[in-house]
Amino acid sequence: MPVVPGKGGLPKVVLSSGEASAELYLHGATLTSWKVGGEELLFVSPKALYAPPKAIRGGVPACFPQFAMLGPLQAQHGFARNTEWQVAEEGAASCRLVLESSEATLAQWPHPFRLEMAVSLHAGGALQQELTVVNTGEQAMEFTAALHTYFSVSDVSNASVVGLKGLQYVDNTSGSTSTDAADVVTFPGEVDRTYIAAPAAIKLRDSGRNSVLLLHKRGFADAVVWNPAEAKAASMGDLGAEHWRGFVCVEAAQARSGAVALAAGQRWSASVEYEYDHLEES
Ligand code: BG6
């Protein structure tokens, strides 16, 4: 598929395969759409700005070389989501974007690198994203990272995240660590948690859509669950008080488990596969 102009004139890649389609902006390697059977499964804020270097609010931006403030940069979630990537390969149902260190990135983080983001559609409409980091410098480097996935939900009160019971998590609003005793994570108010050493499979259920979304991660040690609730959403200009009920972030991350240490010339890859299904009516 060709690269076509998206919102704000920013270039995007459009993928399709059978019943599924996806769109990926070169800005931030941000996946902004994943549809199965015509149903949109990602949330992008109606107030998102398509004005670089601002990151696009929603979809799946790439966080690198740090997740949140877990690293030396002043910029929350690093710079990869604020930077235009290049298309390295493209097919009808898959593509690979790259981002290489530049004067601008070296000014913020003194490590030469090459990033690759591979996105592909698979049987049943499943979507896979793989992030590869190559240390192209001569010194070792350390980084944290995430695929910051905003899933669309019918209403946040219908959403529950399954698979995290019994895990330790850091509450990012307070910095305190707890063990999750609940069967599922729900969203009665602001939830901002990093689950440490989360399992490969995590589910997001939506009782309003009678659906389940399965994330299967590999290589990312942690999982972040986030919804800002009304007050914080209202303070975010590109989200606003009206839209926070429409999404839940369940993110594959390399965060509180510790940074990845990559020797000169080495590469690290981590991936997530997303599958979507409607549940049988009960
Ligand atoms: C989440 C973090 O991953 O991203 C939250 O856990 C943060 O603490 C959220 O508020 C959004 O971050 P940003 O920089 O896109 O506003």
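Residues numbered from 1 in each chain as written. Predicted model: local features only at pLDDT ≥ 70, side-chain atom pairs only at ≥ 80, totals over all residues.

## Some words on the UniProt feature "binding site: substrate" (unreviewed entry) in the protein
As a reminder, the rule being used: UniProt positions are given in the numbering used here, feature names are shortened, and annotations may be inferred rather than shown by experiment. Helix and strand assignments follow DSSP, with helices taken as H or I runs no shorter than four residues and strands as E runs no shorter than two, numbered in order from the N terminus. By the convention adopted here, residues are in contact when the distance between their C-beta atoms, placed from the backbone, does not exceed 7 Å.
Cross-referencing UniProt, the feature "binding site: substrate" (unreviewed entry) maps to Arg57, Gln76 and Arg81 in the present numbering. These annotated residues cover 25 residues of sequence, but their C-alpha atoms sit close together, with the largest distance between any two at 13.6 Å. Its place among the elements puts Gln76 in the loop between strand E6 (62-63) and strand E7 (86-90). Setting aside chain neighbours within four positions, we find Arg81 in contact with Gly28, Thr30, Ala55, Pro61, Ala62 and Cys63.

## Points about the UniProt feature "active site" (unreviewed entry) in the protein
For the record, the criterion: Around each residue's C-beta, the other C-beta atoms within 10 Å are counted; 20 or more make the residue buried, 12 or fewer make it exposed, and counts in between make it partly exposed. All C-beta atoms are placed from the backbone.
Residues annotated in UniProt with the feature "active site" (unreviewed entry) correspond here to His148 and Glu251. Spanning 104 residues, the named residues form one tight spatial group whose C-alpha atoms are at most 5.0 Å apart. The exposure class of His148 is buried, given the 25 C-beta atoms found within 10 Å. Leaving out residues up to four positions away in the same chain, His148 has contacts with Val60, Pro61, Cys63, His77, Cys249 and Glu251. Note on placement: Glu251 falls in strand E22 (residues 247-254). Judged by C-beta crowding, with 25 C-beta atoms within 10 Å, Glu251 ranks as buried.

## Digging into the site of the ligand
For the record, the criterion: What makes a residue near a molecule or strand is its C-beta atom, placed from the backbone, lying within 6 Å of it. Under the scheme applied, nonpolar residues are Ala, Val, Leu, Ile, Met, Phe, Trp, Tyr, Cys and Pro; charged residues are Asp, Glu, Lys and Arg; polar residues are all the others, including Gly.
In the vicinity of the ligand, the residues found are Ala68, Gln76, His77, His148, Asn172, Asp192, Val224, Trp226, Cys249 and Glu251. Along the lines of polarity and charge, the residues of the shell around the ligand split into four nonpolar, four polar and two charged.

## What about the pairing of strand E2 (residues 11-17)?
Just so we agree on the cut-off: Any two strands with at least two DSSP-identified bridges between them are counted as paired.
Strand direction decides the pairing type here: strand E1 (residues 3-5) and E2, joined by three bridges, are antiparallel. The partner of Pro5 across the bridge, within E2, is Pro11. Bridge count for E2 against strand E3 (residues 20-25) is six bridges, and the pairing is antiparallel. Bridge pairing in E3 places Ser16 opposite Ser21. Two successive antiparallel strands, E2 and E3, enclose a turn made up of two residues, where Gly18 displays a positive phi of approximately 55°.

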